[in-house]
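Each chain, letter by letter, is given below.
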Amino acid sequence: MSERKVLNKYYPPDFDPCKIPKLKLPKDRQYVVRLMAPFNMRCKTCGEYIYKGKKFNARKETVMNELYMGLPIFRFYIKCTRCLAEITFKTDPENTDYAMEHGATRNFQAEKLLEEEEKRIVQDREEEELNNPMKVLENRTKDSKMEMEVLENLQELKELNQRQAQVDFEGMIDRYSDFEKREKEREKEEDERETKEMLDRALVKRLRDSDSDSEKEEEDSSGSQAKKPSTDKPTDILTTLKPTEALGSSAGGVKKAKVETWERSVGTLGGKGALGLLVVRKKPAATFLKPRPVAAASAPTSQTDSKASTTDPKNASKPVTTQNGSSSLSLLGAYLDSDSNDSE
């Protein structure tokens, strides 16, 4: 079984290539090719614009008896998209472009025409100077005169512009430099003034701070002298009562002072709260006066008085007198006074 893609074909031993017949095709035969319009053109028949890059199925042929440096020139046939008129153009290897033949006119080639005209003028001049030396001298004098005229016209235009504008560039530069100097001086003065103001404010603030510090020190010293502790022992402050509490206890029915939030949960040191139970005050022993021995004669009177006091309800509130004339109310007052002195 043979391969599908073969590179070498089999030639029999009796193969003769001269026996193969050759196709006799005309040299000016045409081929159908797919191309794009090489430039913008306008149809002469209907005036339709054909833009560059439009695709056509064109017929291509080789131009007979036209060569450029051994390169063949090709001609293309296309049809107008509107009226189907035939349009032809061919290659131009000399200018690396395409040349229009008939059926349409090329657009936007004014610059190209101008360049071609300039080239033609230069070629004619070179041909004239090649055989006529006097023509060369004339052309040189004409060129020099033309250059002088151009320079004079340019100078006149410059003077006219200066008269109309009347702009002194040197003066402008000088004024601008002066303006910059003034601006720099002004900025420097403003900076100095701002720094001076800041220093003055800082000095005034320091003086005020020093005055306030001295006043605070004086107030603290005076307050410390006024608020000396009156207690002799460090633990006496735990048992002292606040003036509001003492006032409330003494007044009895007077409205109590406002209790602060931190005293609601913890309580005061002098109150009956949790901190008030930390210190237990030692109560002094009660001292009672021993009754003196009295005579037997006075006994009946004292017994009768005691009986009368117990039997008579009206006399129950009256104090009972002792033999030496002191009452039980005086003893109770002495006890309360001693208790208050101990607490103080």
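Counting from 1, residues in each chain are numbered in the order their sequence is written. Residue-level local features of this predicted model are given only where pLDDT is at least 70; pairs of side-chain atoms are given and counted only at 80 or more, and the full residue set underlies all totals for whole chains, interfaces and linings. Side-chain calculation: all heavy atoms of the structure are included, whereas hydrogens and water are not.

An unreviewed UniProt entry lists the protein chain under the name Splicing factor YJU2, with Champsocephalus esox as the source organism. Recorded under Sequence similarities (unreviewed entry), the UniProt text for the protein chain is reproduced unchanged: "Belongs to the CWC16 family. YJU2 subfamily." UniProt positions are given in the numbering used here, feature names are shortened, and annotations may be inferred rather than shown by experiment.

Enquirer: Please clarify how the overall build of the protein chain should be interpreted in this entry.
Expert: Tallying secondary structure elements over the protein chain gives eight helices and eight strands in all. Only protein chains enter the calculation, and the probe is 1.4 Å; a residue is then buried if its accessible area is under 20% of its type maximum, exposed if over 50%, and partly exposed in between. In the protein chain, buried positions account for 10% of the 344 residues. Contacts between residues were defined by any pair of non-hydrogen atoms, one from each residue, lying within 4.5 Å. If you take every contact in the protein chain between residues at least 6 apart in sequence, the share linking residues at least 24 apart comes to 41%. Accessible area of the protein chain: about 30,900 Å², with a carbon and sulfur share of 55%. Each helix is a run of DSSP H or I of at least 4 residues and each strand a run of E of at least 2, with the numbering of both proceeding from the N terminus. Surface exposure here means Shrake-Rupley accessible area, sampled with a 1.4 Å probe, where a residue is shielded only by the protein chains that are shown.

Enquirer: I tried to follow the pattern of salt bridges on my own but got confused; where do I start?
Expert: Pairs may arise between side chains of opposite charge once their charged atoms sit close together. Within this document, salt bridges are pairs made up of a side-chain nitrogen of Lys or Arg and a carboxyl oxygen of Asp or Glu, the two lying within 4 Å of each other. If you walk through the whole model with that rule in mind, you get 15 salt bridges. Note that Lys 90 is salt-bridged to Glu 66, the shortest N-O span being 3.4 Å. Here Glu 66 lies in strand 4 (residues 55–68) and Lys 90 lies in strand 6 (residues 86–92), a separation of 24 residues in the sequence. By relative accessible area, Lys 90 is classed as buried at 18%. The exposure class of Glu 66 is partly exposed, given its relative accessible area of 30%.

Enquirer: Any chance you could explain the side chain of Lys 90 here in plain terms?
Expert: A distance of 3.4 Å separates polar atoms of two side chains, one belonging to Lys 90 and the other to Glu 66. In contact with Lys 90, other than residues within four places in its own chain, are Glu 66, Ile 73, Phe 74, Arg 75, Tyr 98, Ala 99 and Glu 101. Here a polar contact is taken to be a pair of N or O atoms separated by no more than 3.5 Å, where protein atoms must pair a possible hydrogen donor with a possible acceptor and residues adjacent in sequence count only if both atoms sit in side chains.

Enquirer: How should I be thinking about the environment of Ala 99 in this particular structure?
Expert: By the element assignment, Ala 99 lies in strand 7 (residues 97–102). Taking the C-alpha atoms as reference, Ala 99 lies 9.8 Å from Phe 39; in sequence the two are 60 residues apart. Ala 99 has contacts with Phe 89, Lys 90 and Asp 92, leaving out every residue within four places of it along the chain.

Enquirer: What's the story with the UniProt feature "binding site: Zn(2+)" (unreviewed entry) in the protein chain in this structure? I'm lost.
Expert: UniProt records the feature "binding site: Zn(2+)" (unreviewed entry) for Cys 43, Cys 46, Cys 80 and Cys 83 in the present numbering. Over a stretch of 41 residues, the named residues converge on one spot in the fold, their C-alpha atoms separated by at most 8.8 Å. Here Cys 46 falls in the partly exposed class, since its relative accessible area comes to 25%. Not counting residues within four places of it along the chain, the set of residues in contact with Cys 46 comprises Cys 80, Arg 82 and Cys 83. On the secondary structure map, Cys 80 appears in the loop between strand 5 (71–79) and strand 6. By relative accessible area, Cys 80 is classed as buried at 1%. With near-sequence residues (within four places) excluded, Cys 80 lies in contact with Cys 43, Cys 46, Glu 48, Ile 50, Ala 85 and Ile 87.

Enquirer: Looking at this structure, how should I read the pairing of strand 5?
Expert: The side chains of a regular strand alternate, first on one face of the sheet and then on the other. Sheet analysis places strand 4 next to strand 5, joined by six bridges and oriented antiparallel. Opposite Glu 61, over in strand 5, you have Arg 75 as the bridge partner. By definition, two strands form a pair when at least two bridges between them are found by DSSP. Counted between consecutive antiparallel strands, the loop separating strand 4 from strand 5 contains two residues, among which Met 69 sits at a positive phi close to 55°. Relative to strand 6, strand 5 is paired through five bridges, and the arrangement is antiparallel.

Enquirer: Before we go on, may I ask you to explain the confidence of the model for the protein chain in this structure?
Expert: In low-pLDDT regions, the fine details of the predicted coordinates are not to be read closely. Per-residue pLDDT for the protein chain has a mean of 75; in total, 62% of the residues score no lower than 70. pLDDT expresses, on a scale from 0 to 100, how confident the predictor is about each individual residue. Here residues 294–326 scores under 50 on pLDDT; set against residues more than four positions off or in separate chains, the count is nine contacts.

Enquirer: What should I look at first to understand the nonpolar core in this one?
Expert: Soluble globular proteins tend to bury their nonpolar side chains together. Residues belong to one nonpolar core when they are buried, are Ala, Val, Leu, Ile, Met, Phe, Trp, Tyr or Cys, and are joined through side-chain atoms within 4.5 Å. Counting 15 residues, the largest nonpolar core has Leu 35, Met 41, Ile 50, Ile 78, Ile 87 and Phe 89 as its most contacted members. Counting only elements with at least two residues in this core, the list comes to strand 2 (41–43), strand 4, strand 5 and strand 6. If we skip the residues at most four places from it in the chain, Ile 87 touches Met 41, Ile 50, Phe 76, Tyr 77, Ile 78, Cys 80, Met 100, His 102, Gly 103 and Ala 104.

Enquirer: Would you mind showing me how to read the sheet that holds strand 8 (residues 104–106) here?
Expert: Whether parallel or antiparallel, the strands of a sheet pair through hydrogen bonds between backbone atoms. The three strands are arranged 3-2-8 in an open sheet whose pairing can be described as antiparallel. The sheet is open, and its two edges are formed by strand 3 (49–50) and strand 8, each paired on a single side. Examined bridge by bridge, strand 2 and strand 3 share two bridges and lie antiparallel to one another. Considered in strand 3, the bridge of Arg 42 is made with Tyr 49.

Enquirer: Which parts of the structure should I look at to understand the environment of Asn 139?
Expert: With respect to the helices and strands, the residue Asn 139 is situated in helix 2 (residues 133–165). Put simply, Asn 139 and Arg 125 are 14 residues apart on the chain and 9.0 Å apart in space, counted from C-alpha to C-alpha. In contact with Asn 139, not counting residues within four places along its chain, are Arg 125 and Glu 129.

Enquirer: Whenever I open this one, the pairing of strand 4 confuses me. Can you help?
Expert: Where strand 1 (residues 31–36) and strand 4 come together, six bridges link them in antiparallel fashion. Across the sheet, residue Val 33 finds its bridge partner in strand 4, namely Ala 58.

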